[in-house]
Amino acid sequence: MRALLILIALLTAIPAQAQRLIALTFDDVPRSPGAWYSPDERTRRIVAALDEGGVRGAAFFVNPGSLARPEGAGGEARIAAYVRAGHVIANHGFSHLAASKTPAAAYIADIDRADAWLRGRPGFRPWYRFPYLDEGQGDKVKRDAIRAALAARRLANGYVTADGVDWHIEQRTIDAVTAGKVLDIEGLRALYVETQADAADVYDALAVRATGRSPVQVMLMHETDLAARFLPDLIAEMKRRGWRFVSADAAFADPIAAQAATVDVPSAQGTLVEAVAWARGLPAPRWYRGNDTALLDTWYDARVLKEGPVP
Ligand SMILES: [Zn+2]
């Protein structure tokens, strides 16, 4: 009995450090088609999976410049469909530029061009998600110029705390289907679910080590066919691991958000948890090992490609 009471006391003490709350965010909307679905079908499936999984207020980060491309046809209606389903939209730049490769003035003009398209639309939130999570890398003058521009526009950094590099698994899948390879769909489902959920676990543990608390996590995902197909499995697995889903509004209200505008590390790129851990002197690696695409490729080759890697 006494052991049981001690166990109960320990269990009730855990949530203060490990609250395990997470918001889902989807980048590059409207994204190029994936391996299986039309863009309309992809949106219907993502909306249905979020609805059935009880995920409210997910964020979709938009590149309005993609609407003018052939694959962007119908994109405006799909963006409206996400908003009608109770989700929100925010700025991912007009043309998805890399801050480290673009002069500051041109970069900021691209943010403004996206802002002009987004602001005033239903579901708009004043958040900016850096493409490639590239905030200027080692160029602190540029980093600070962009930070100042965001502040002047009252745009908050729509940072990420957890990243499972889903875009790479999506690209591998598109390449494999295009090449006519036979995929192990159950292996792909398991790999996608595992890498996303493991990323959330690893970045949460890193945040606790770096800051002493578990922030509300912000998961980076993309508008992919993988999400359209496997989101129900991922949501179920995350719940099984004790995660609860919250809105992006709730996530960006977390105290860690203040760090996004001020954290100072030698290279401004990546998740906010990585940056905070780096700034506080935690040793490398400060990221989920599956973010190494060469390692991820070996997992993909072994678990998804039935006939092994391309010779
Ligand atoms: Zn992007």
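Residues numbered from 1 in each chain as written. Predicted model: local features only at pLDDT ≥ 70, side-chain atom pairs only at ≥ 80, totals over all residues.

### Some details on the overall build of the protein
From N to C terminus, the protein includes 11 helices and 10 strands. On C-alpha atoms alone, the protein measures out to a radius of gyration of 20 Å, which is about the 19 Å that the 2.2 N^0.38 rule sets for 311 residues. Its C-alpha atoms give the protein principal-axis dimensions of about 65 × 50 × 40 Å. Split into buried and exposed, the 311 residues of the protein put 42% on the buried side. Long-range contacts, defined here as pairs at least 24 residues apart, represent 83% of the contacts in the protein between residues at least 6 apart. (Helix = DSSP H or I, 4+ residues; strand = E, 2+ residues; numbered from the N terminus. Rg over C-alpha atoms; globule rule 2.2 N^0.38 Å. Buried ≥ 20, exposed ≤ 12 C-beta atoms within 10 Å, placed from the backbone. Contact = placed C-beta atoms within 7 Å.)

### Observations concerning the nonpolar core
Grouped together as the largest cluster of nonpolar side chains are 77 residues, with contacts concentrated most on A23, A58, F60, A200, Y203 and M219. In terms of residues, this core owes the most to one element, helix α7 (residues 185-211), which gives 12 residues. A200 has contacts with I22, A162, Q217, M219, M238 and W243, leaving out every residue within four places of it along the chain. (Core = buried A, V, L, I, M, F, W, Y, C linked by C-beta atoms within 7 Å.)

### Let's talk about the packing of α7 against helix α8 (residues 225-240)
Axis separation between α7 and α8 bottoms out at 9 Å; the angle between their running directions is 55°. Regarding the angle of α7 to α8, the classification is oblique. Between α7 and α8 lies a crossing of right-handed hand. Contacts between α7 and α8 involve R189, Y192, V193, Q196, A197 and A200 on the former and, on the latter, L226, F230, D233, L234, E237 and M238. (Axes fitted to C-alpha atoms, helices over the stretch in contact; angles between N-to-C directions. Parallel < 35°, antiparallel > 145°, perpendicular 65-115°, else oblique. Left-handed = near helix turned anticlockwise from the far one by under 90°.)

### Here's the deal with the pairing of strand β3 (residues 88-91)
The pairing of strand β2 (residues 59-62) with β3 spans 4 bridges and is classified as parallel. Bridge pairing in β3 links F61 to A90. A crossover connection joins β2 to the parallel β3 through helix α3 (residues 75-84); in handedness this β-α-β unit is right-handed. As paired strands, β3 and strand β4 (residues 124-128) are joined by 2 bridges and run parallel to one another. By the bridge assignment for β4, N91 is matched with Y128. (Pairing = 2+ DSSP bridges. Right-handed = clockwise from strand over helix to strand, strands pointing away.)

### Side note on α3
For α3, the full list of buried residues reads G75, R78, I79 and Y82. All buried residues of α3 lie within an arc of 100° about the axis, which places them on one face of the element. Seen from the open side of α3, the exposed residues pointing more than 90 degrees away from its buried face are A77 and R84. One or two positions beyond α3, positive phi appears at G86, with a value near 100°. (Arc of directions from axis to C-beta.)

### Side note on the confidence of the model for the protein
A residue-level look at the protein finds 93% of positions with pLDDT of 70 or above and a mean pLDDT of 94. The model gives residues 12-16 a pLDDT under 50, and that stretch makes 0 contacts with residues more than four places away or in other chains. (pLDDT = per-residue confidence, 0-100.)

### Here's the deal with unusual backbone geometry
The phi angle of most residues is negative, glycine excepted, and most peptide bonds adopt the trans form. With an omega of 0°, the peptide bond running from V29 to P30 counts as cis. With respect to the helices, strands and loops of the structure, P30 is situated in the loop between β1 (21-29) and α2 (39-52). Looking along the chain, the bond that leaves A284 and enters P285 is cis, with omega of -5°. Mapped onto the elements, P285 comes out in the loop between α10 (272-279) and α11 (293-303). In this model, D28 sits at a positive phi of 70°, which is unusual for a non-glycine residue. Within the secondary structure, D28 is located in strand β1. Of the residues examined, D28 has 20 C-beta atoms within 10 Å and is grouped as buried.

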